[in-house]
Amino acid sequence: MKCDEIFAALELLEKERGISPSFMMDKIVQALTTAYKKDHTGVENVTVDVNMVKKDLKMYVQKEIVEEVENPGTQMSAEEARAKYGRVDVGGVVNIPVDNVEFGRIAAGNGKQVIIQGLREAERGIIFDEFNSKQHEILTGVVSRIDPRTGNVSLRIGTGPESTEAMLAASEQIRTEALVEGQHVKVYVVEVRRSTRGPQVLISRTHPGLVKRLFELEVPEIFDGIVEVKSIAREAGSRTKMAVWSGDDAIDPIGACVGPAGQRVGSIVNELRGEKIDIVKYSDDPAQFIAAALAPADVVDVQLSGEGKVCRVIVPDDQLSLAIGKEGQNARLAARLTGYKIDIKPQSYNDEE
């Protein structure tokens, strides 16, 4: 049976949406066989032959040849088979063509709906593959809607048919920034999940990975691997500490990140709405790394514990509050950056002890 409309629709989908005709045809064949079985109780083996070149579809019902028929839906008597097809053998199989009129009715009733459903499924697959490859990357989204009740923000990310809606939860937003509809915002793709309503793209503005990717965009030395970001500790909207390292002695990793007149780090601070960024030099020596992580405070001594990642840090008396930071933030970020539990004591305490 000629099904020019179906093949024309598949060609159009391939041209406009990039959806494979074979993918859609598999969906159509599946729907046609299911519909035929539903209309004909007892029929089990139904096949559809597809000729993409001639744009032709043919449906067959397969029946086993037996001496005595027990199930008319799956069996045909040898006597009937000989009368219709000539020489046949018991135990063999015959393909009985479905009448074109009946097949046409089934195709017309199911083809359009299957194409619509297959189109949705294929588009979801394309969108999932597109964004799944961009996990842990930065994308730019446009604020499309803000929920006044929850504070959640809907962003449109991507362009054309491969764009999708992503939800920036209130907990993933920088608390010091106020987004508005139509605003372009850089977000970090945390994860892409499959769901019944299509791909679910989980995005964040608070994830430490956002800071790392922003530095990769701004600092060629990081992008090229000359300078390496070893660890990041972040309290979004307030302060970030980042440890960097370079295997090339001629390269200053901190200077590369700061940039001429602070331009590189300055652009990132602006993108993060004024979030302070401390860049420290990583060291394989834990004591040196811990001392650097507590900047801007000076460190007199770092005493490592013999067991576990625990240390005591001695600082000048007048720098104790600076080392601890407002509400303990500096010490807290330094501990997360280094992975050590840090006990900070003033120099006078150490001398007395």
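Details of the structure are given in the entry above.
Presented here is a report on the structure given in the accompanying data block. Predicted model, so just to flag it, every value in this text is computed and none were measured. (Residues numbered from 1 in each chain as written. Predicted model: local features only at pLDDT ≥ 70, side-chain atom pairs only at ≥ 80, totals over all residues. Heavy atoms only, no water.)

## Looking at the overall build of the protein chain
Here comes step 1: Summing up its helical and strand segments, the protein chain has 12 helices and 15 strands in all.
Here comes step 2: Considering only contacts in the protein chain between residues 6 or more positions apart, those separated by 24 or more positions represent 58%.
Here comes step 3: Of the roughly 19,400 Å² that the protein chain leaves accessible, carbon and sulfur atoms contribute 47%. (Helix = DSSP H or I, 4+ residues; strand = E, 2+ residues; numbered from the N terminus. Contact = heavy atoms within 4.5 Å. Areas by Shrake-Rupley, 256 points an atom, 1.4 Å probe, with all protein chains shown as cover.)

## Looking at the sheet that holds strand 11 (residues 239-246)
As a general point, the strands of a sheet are linked pairwise by backbone hydrogen bonds and lie either parallel or antiparallel.
Here comes step 1: Taken together, the three strands give an open sheet; going across it, the order is 10-11-12, and neighbouring strands pair in mixed fashion. The open sheet has two edge strands, strand 10 (227-235) and strand 12 (276-281), and neither has a second partner. When the angles between neighbouring strand axes are averaged without regard to direction, this sheet yields 20°.
Here comes step 2: Taken together, the eight bridges between strand 10 and strand 11 define a ladder with antiparallel strand orientation. Within strand 11, the position partnered with Glu 228 by the bridge is Trp 245.
Here comes step 3: Across the sheet, helix 9 (residues 286-293) touches strand 10, strand 11 and strand 12, and the angle it forms with strand 12 is around 155°. (Pairing = 2+ DSSP bridges. Axes fitted to C-alpha atoms, helices over the stretch in contact; angles between N-to-C directions.)

## Comments concerning the sheet that holds strand 14 (residues 310-315)
Here comes step 1: An order of 13-14-15 is seen for the three strands of this open sheet, with the pairing classed as mixed. Looking at which strands have only one partner, the edges of the open sheet turn out to be strand 13 (301-304) and strand 15 (341-346). Averaged over all pairs of adjacent strands, the angle between their axes in this sheet comes to 20°, without regard to strand direction.
Here comes step 2: The sheet contact formed by strand 14 and strand 15 spans six bridges and is parallel. Across the sheet, residue Val 313 finds its bridge partner in strand 15, namely Ile 344.
Here comes step 3: This element, helix 9, spans strand 13, strand 14 and strand 15 of the sheet and lies at about 130° to strand 13.

## Re the side chain of Ser 154
Here comes step 1: Secondary-structure assignment places Ser 154 in strand 6 (residues 153-157).
Here comes step 2: Once residues lying within four places of it in the same chain are set aside, the contact partners of Ser 154 are Val 142, Val 143, Ser 144, Arg 145, Glu 165, Ala 166 and Met 167.

## Observations regarding the packing of helix 9 against helix 11 (residues 329-338)
Here comes step 1: For the pair helix 9 and helix 11, the least separation of the axes is 9 Å and the interaxial angle reads 145°. Seen along the crossing, helix 9 lies across helix 11 with a hand that is right-handed. Note on element contacts: helix 11 touches helix 9 through Ala 334, Leu 337 and Thr 338, opposite Phe 289, Ile 290 and Ala 293.
Here comes step 2: Per-class residue counts for the contact of helix 9 with helix 11 are five nonpolar, one polar and no charged. (Left-handed = near helix turned anticlockwise from the far one by under 90°. Nonpolar A, V, L, I, M, F, W, Y, C, P; charged D, E, K, R; others polar.)

## Brief notes about the pattern of salt bridges
Here comes step 1: Using the criterion set out here, one finds 18 salt bridges in the structure.
Here comes step 2: With its nearest N and O atoms 3.1 Å apart, the salt bridge here joins Arg 156 to Glu 165.
Here comes step 3: Under the relative-accessibility criterion, Glu 165 is labelled partly exposed at 32%.
Here comes step 4: Across the pair Asp 343 and Lys 345 runs a salt bridge whose closest N-O atoms are separated by 4.0 Å.
Here comes step 5: Asp 343 gets classed as partly exposed once you look at its relative accessible area, which sits at 28%.
Here comes step 6: Three or more residues joined by partner-sharing salt bridges are found here, namely Glu 177, Arg 205, Glu 271 and Arg 273. (Salt bridge = Lys/Arg side-chain N within 4 Å of Asp/Glu carboxyl O. Buried < 20%, exposed > 50% of the residue type's maximum accessible area, 1.4 Å probe, protein only.)

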